[in-house]
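Take a look at the letters that make up each chain.
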Amino acid sequence: MADFAEIWSYLARGPLVWLTLTLVAYVVADALSQVAGRAPLANPVLIAVILLALTLWGTGTPYAVYFEGAQFVHFLLGPATVALAVPLYQEGARLKRAILPVLAGLAVGSVVAVVSALWIARALGVAPETLAALAPKSTTAPVAIGIAQSLGGSPTLAAVLVLLTGIIGAIVATPLLNALGVRDWRARGLATGVAAHGIGTARALQVHPQAGAFAGIGMGLNAILTALLAPAVLRVFL
Amino acid sequence: MIQALTLILLCQLAGEAVARALGLPVPGPVLGMGAMLVLLAGSDRVAAAVVPVGQGILRHLSLLFVPAGVGVVGHLDRLGAEALWLLVAIVVSTVLAIGAGALAFKLVAGLTGAGQEAGPRDG
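Remember, predicted model here, so these are calculated numbers, not experimental data. (Residues numbered from 1 in each chain as written. Chains lettered and ligands numbered in written order. Predicted model: local features only at pLDDT ≥ 70, side-chain atom pairs only at ≥ 80, totals over all residues. Heavy atoms only, no water.)

On a plain count of helices and strands, chain B comes out with 6 helices and 0 strands. For 123 residues, the compact-globule estimate of 2.2 N^0.38 gives 14 Å, and chain B exceeds it by more than 25% at 20 Å. When the backbone C-alpha atoms are referred to their principal axes, chain B occupies close to 55 × 45 × 35 Å. The buried share of chain B, reckoned over its 123 residues, is 45%. Expressed as a percentage of contacts within chain B between residues at least 6 apart in sequence, the contacts between residues at least 24 apart total 40%. Approximately 6200 Å² of chain B is accessible, and the part contributed by carbon and sulfur atoms is 69%. Between the mean site of the 6 positive side-chain charges and the mean site of the 6 negative ones, chain B shows a separation of 4 Å. (Helix = DSSP H or I, 4+ residues; strand = E, 2+ residues; numbered from the N terminus. Rg over C-alpha atoms; globule rule 2.2 N^0.38 Å. Buried < 20%, exposed > 50% of the residue type's maximum accessible area, 1.4 Å probe, protein only. Contact = heavy atoms within 4.5 Å. Areas by Shrake-Rupley, 256 points an atom, 1.4 Å probe, with all protein chains shown as cover. Lys, Arg positive; Asp, Glu negative; His and termini not counted. Charge placed at Lys NZ, Arg CZ, Asp CG, Glu CD.)

Here is the structure:
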């Protein structure tokens, strides 16, 4: 009979074990988040990522090998974005009534996200080429990567900053909006989707379906607005 | 379910093709979302098939960010000496953007009579 190390080295080379472990880590993270009463800090993405990063580190597995398995999950991001049409469709009437507040929240959230990030980073002495990767941090990853590249920033760094922004947004949104006394699910969802894209939208969906629908529209609209806005704002800051 | 998944993928595919063909800065799946919205609004049969499947996918949207998130851990050193400053910029600007966006929504909703709707603690 083959020993454990032999079986492991055989399995670890294929996609099955990494796909399974990705789902296991998420199931564990989601259960922990539920036990914690969906507390913002018990973010399931953050917990699952930490569990898997520790596993990869402990087993000496390169990310490329891990991604062979995890790519099947990653691929679903595209279809899930299309599926965001479902909450939009269900909230259609409510959305139509709120079109002006939606556009106001989008414009203000989008401009504040880009301008404040660049202003703070520049004041702290961050290099210009890093600013180019930072500018689109509030948009969904494929858009941010495209924008960063067209501005001369690193696409990898842009992806890192996008994910950090999403996780931070998902963590701060609930306590922040409670503190500000914003109780309207539409306002809460939209602002979170605009500032923290898909990860913020995932958090909003977890909290309330109406917040999720407005987060989805915020994310989609901000992808378009930031693509138009970021190059102009960056020029001011360089 | 297979019909719904097929429609979802067709919308994504159409979105990708249009985005690429016209050189749009918007990602294909976001255009696909728009196409799906048109289909849902246009046909009750499509809505009946797609709504439950779409809800099923979105229930665990968080899961789909996990592989990319694990990739980020390996690139945290990319942040380099500027890591702390970038983190400060991201945290502060995300707080400001969420707060300002939500307050702008609330203000305009009040002005235009789009009103206040139920929120947390309102039941």
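Okay, the interface of chain B and chain A next. At the interface, 76 residues of chain B touch 99 residues of chain A. Applying the counting rule to chain B against chain A returns 0 salt bridges. Elements supplying a minimum of two residues to the side of chain B that touches chain A: helix H1 (2–22), helix H2 (28–42), helix H3 (44–59), helix H4 (61–64), helix H5 (66–74) and helix H6 (83–112) of chain B. When residues of the side of chain B that touches chain A are assigned to their parent elements, the largest contribution, 25 residues, is made by H6(B). (Salt bridge = Lys/Arg side-chain N within 4 Å of Asp/Glu carboxyl O.)

This paragraph deals with the packing of aromatic side chains. Residue and element names in this part refer to chain A. Throughout the structure, instances matching the rule amount to 5 aromatic pairs over all chains. Both rings, one in Trp-8 and one in Trp-18, keep their centres 5.8 Å apart while their planes meet at 80 degrees; by these two values the pair is edge-to-face. Taken as a pair, Trp-8 in helix H1 (residues 4–11) and Trp-18 in helix H2 (residues 15–35) lie far apart in primary sequence, 10 residues in all. We classify Trp-18 as buried; its relative accessible area is 0%. Within the aromatic cluster, the residues linked to one another by ring pairs are Trp-8, Trp-18, Tyr-63, Tyr-66 and Phe-67. (Phe/Tyr/Trp six-rings, centres within 6.5 Å; stacked < 30°, edge-to-face > 60°.)

What follows is about the environment of Ala121(A). Counting through the fold element by element, Ala121(A) comes out in helix H8 (residues 99–123). In this structure, the C-alpha to C-alpha distance between Ala121(A) and Leu131(A), residues 10 residues apart in sequence, is 7.3 Å.

Attention now goes to helix H3 (residues 44–59) of chain A. Between its terminal C-alpha atoms H3(A) stretches 22 Å, which fits the 22 Å expected from 16 residues at 1.5 Å a residue. Residues of H3(A) that are buried: Pro44(A), Val45(A), Ile47(A), Ala48(A), Val49(A), Leu52(A), Ala53(A) and Leu56(A). Here the buried face of H3(A) lies against H2, helix H4 (63–75), helix H11 (155–180) and helix H12 (185–207) of chain A together with H4 and H5 of chain B. A positive backbone phi angle near 60 degrees is found at Gly60(A), which sits one or two residues after H3(A). (Expected span 1.5 Å × (residues − 1).)

Among the nonpolar cores identified, the biggest contains 108 residues, and Leu118(A), Leu134(A) and Leu40(B) are the most heavily contacted of them. For this core, the element with the highest residue contribution is H11(A), accounting for 14 residues. Those residues in contact with Leu40(B) that lie beyond four places of it in its chain are Ala85(A), Val86(A), Tyr89(A), Val46(B), Ala47(B), Val50(B) and Val51(B). (Core = buried A, V, L, I, M, F, W, Y, C linked by side-chain atoms within 4.5 Å.)

Quick look at the environment of Ala141(A) now. Residue and element names in this part refer to chain A. Among the structural elements, Ala-141 can be located in helix H10 (residues 141–150). Since its relative accessible area comes to 28%, Ala-141 is described here as partly exposed. Linking Ala-141 and Phe-4, residues 137 residues apart in sequence, is a C-alpha distance of 39 Å.

All right, on to the domain arrangement of chain A then. Residue and element names in this part refer to chain A. Split into domains, chain A comes out as domain 1 (4–75) and domain 2 (91–237). The straight-line distance from the C-alpha centre of domain 1 to that of domain 2 is 27 Å. Taken together, the contact between domain 1 and domain 2 spans 10 residues of the former and 8 residues of the latter. In total, about 680 Å² of surface goes out of reach between domain 1 and domain 2, with carbon and sulfur atoms giving 69% of it. Contact with domain 2 buries surface across domain 1, with Arg-38, Pro-40 and Asn-43 losing the most and accounting together for 61% of the total. Here domain 1 and domain 2 share 0 salt bridges between them. Applying the counting criterion to the domain 1 and domain 2 interface returns 1 residue pair in polar contact (both at pLDDT 80 or more). Those elements that provide at least two residues to the side of domain 1 that touches domain 2 are H2 and H3. The element contributing the most residues to the side of domain 1 that touches domain 2 is H3, with 3 residues. (Domains from an automatic or database assignment. Buried area = accessible area lost by both parts, 1.4 Å probe. Polar contact = N/O pair within 3.5 Å; in protein donor to acceptor, adjacent residues only side chain to side chain.)

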